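Results of the structural survey
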Amino acid sequence: MKKRITVLSGDGIGREIVPQAIRVLESIGQTFGHQFEFQHAQIGGEAIDATGYPLPPETLERAKSADAVLLGAVGGPKWEGLEYERRPERALLGIREQLGLFANLRPAKIYSPLIGASTLKPEVIEGIDVLVVRELTGGIYFGKPKGIEATATGHRGFNTEVYTTEEIRRIAEVAFQAARKRRKLVTSIDKANVLESSELWRREVIAVHKHYPDVELRHMYVDNCAMQLVRYPKQFDVIVTTNMFGDILSDEAAMLTGSIGMLPSASVGSTVGMYEPIHGSAPDIAGKNLANPIGTIASAAMMLVYAFDLTKEASVIEEAIKKTLEQGYRTKDIESLGTTLVGTKEMTDHILQNLSNG
Ligand code: IPM
Ligand code: MG
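Residues numbered from 1 in each chain as written. Chains lettered and ligands numbered in written order. Predicted model: local features only at pLDDT ≥ 70, side-chain atom pairs only at ≥ 80, totals over all residues. Heavy atoms only, no water.

1. A few points about the side chain of Asn292
Mapped onto the elements, Asn292 comes out in the loop between strand 12 (273–277) and helix 10 (294–306). At a separation of 2.9 Å, a polar atom in the side chain of Asn292 contacts the main-chain amide nitrogen of Ile294. Within the local environment of Asn292, its side chain forms a polar contact with the side chain of Asp333, the two groups lying 3.0 Å apart. Excluding residues within four positions of it along the chain, Asn292 makes contact with Ile17, Gly261, Met262, His279, Thr331, Asp333 and Ile334. (Helix = DSSP H or I, 4+ residues; strand = E, 2+ residues; numbered from the N terminus. Polar contact = N/O pair within 3.5 Å; in protein donor to acceptor, adjacent residues only side chain to side chain. Contact = heavy atoms within 4.5 Å.)

2. Points about the packing of helix 10 against helix 11 (residues 311–326)
The N-to-C vectors of helix 10 and helix 11 enclose an angle of 160°; their axes lie 7 Å apart at closest approach. Between helix 10 and helix 11, the angle is such that the two are roughly antiparallel. Pair helix 10 / helix 11 crosses with left-handed handedness. Contact with helix 10, carried on its side by Ile294, Ile297, Ala298, Ala301, Leu304 and Val305, involves Thr311, Glu313, Ala314, Ile317, Glu318, Ile321 and Leu325 of helix 11 and no other residues of that element. Grouping the constituent residues of the contact of helix 10 with helix 11 by class yields 10 nonpolar, 1 polar and 2 charged. (Axes fitted to C-alpha atoms, helices over the stretch in contact; angles between N-to-C directions. Parallel < 35°, antiparallel > 145°, perpendicular 65-115°, else oblique. Left-handed = near helix turned anticlockwise from the far one by under 90°. Nonpolar A, V, L, I, M, F, W, Y, C, P; charged D, E, K, R; others polar.)

3. Overview of the sheet that holds strand 2 (residues 35–40)
Ordered in space as 2-1-3-12-11-4-5-10-8-9, the 10 strands form an open sheet in which the pairing is mixed. This sheet does not close on itself; its edge strands, each paired only once, are strand 2 and strand 9 (216–221). For this sheet, the mean angle separating the axes of adjacent strands, direction not counted, is 25°. Pairing analysis gives 7 bridges linking strand 4 (residues 103–109) to strand 5 (residues 129–135), with the strands arranged antiparallel. Note that in strand 5 the partner of Leu105 across the bridge is Val133. (Pairing = 2+ DSSP bridges.)

4. Regarding unusual backbone geometry
Peptide bonds are mostly trans, and most non-glycine residues show a negative phi. In the segment running from Lys144 into Pro145, the intervening peptide bond is cis, with an omega of 5°. With respect to the helices and strands, the residue Pro145 is situated in the loop between strand 5 and strand 6 (147–150). Positive phi outside glycine occurs at Lys184, with the angle close to 60°. For Lys184, the location among the structural elements is in the loop between helix 6 (165–180) and strand 8 (185–190). In this model, Asp309 sits at a positive phi of 60°, which is unusual for a non-glycine residue. With respect to the secondary-structure elements, Asp309 resides in the loop between helix 10 and helix 11. The exposure class assigned to Asp309 is exposed, which follows from its relative accessible area of 63%. (Buried < 20%, exposed > 50% of the residue type's maximum accessible area, 1.4 Å probe, protein only.)

5. Remarks on the domain arrangement of the protein chain
Looking at the protein chain, the domain boundaries give domain 1 (1–107 + 260–358) and domain 2 (129–256). The centre of domain 1, based on its C-alpha atoms, is set 25 Å off from the matching centre of domain 2. Contact residues are listed per partner, giving 16 residues for domain 1 and 18 residues for domain 2. A combined buried area of about 1,600 Å² lies between domain 1 and domain 2, and 65% of that area is made up of carbon and sulfur atoms. The largest share of the area that domain 1 buries against domain 2 comes from Phe102, Asn104 and Arg106, three residues that together contribute 41% of it. (Domains from an automatic or database assignment. Buried area = accessible area lost by both parts, 1.4 Å probe.)

Structural data, given as structure tokens:
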């Protein structure tokens, strides 16, 4: 198989972790006889420095023409003072919108050697396996009107939470389809006791559910969900929710597993998909070989599954990650007593070693 991957390392630790994921993909390519071609492009702060724009047209073109996009992270203190439209984060929203990536899949699964790294009790988190399906191109992130305007006494800032039937139905489809391959339970998260957009959300999710009688559907208010995730996370299989609620709940779900540095994501829609760790650019540890590369390596594994249908290859990566953790190697974020502290590059060295022995 021959595939073209557009690589957007971005800022901060993105520049350290993405090359590690590329090493893993190259090793998989060699073992299984696939050819992965990597084409780099600038995004976020580095793109602002080079061109003045966080998402230059050339980057977008390269993303659109690829078979898949691998992204690191964007942002940092250097660009925080910029006006809103010029900030690195806008590049993420822009590329999601332009590629039509309406479904963001964020699995939170516990690796058993890491149970001790969670802040929650082992009996609460043992065996959790949650998939957050976050709507990614609608809701309050994109709704209009939005802005800041002057009033007689100061200013008025506003955004609009808006969802259409089509937007809700297509994300619900993704959730039910995913649940079919898992434990067949979808929990839809909304705030239907207060918001009209949530009332419609619930109504449409129920309508789509009629086509999935084999999947159980539950509804939960977002505040309750935030509580239930730390109280009894094992009750969840697939969580489907809006852009804003999904942003918040996926961070919470991630932390159940010990470190946000471990978790991958896939953003998919009608065309090319984008794969990235769910953590940010972590400027405080950037350039020190401290970052955990596993979230990005696992994102590359998700790419193999969702973009290229290479499930065997992906599970080989998953196994190598697991084995490396079992051997006791830890980056700083997941270090605990009796483990061996390693850097970004060394963690990948061990994963590569386990790949070739696996
Ligand atoms: C995420 C991030 C982004 C979001 C930011 C950086 C724009 O928090 O991917 O979860 O809010 O979607
Ligand atoms: Mg977020």
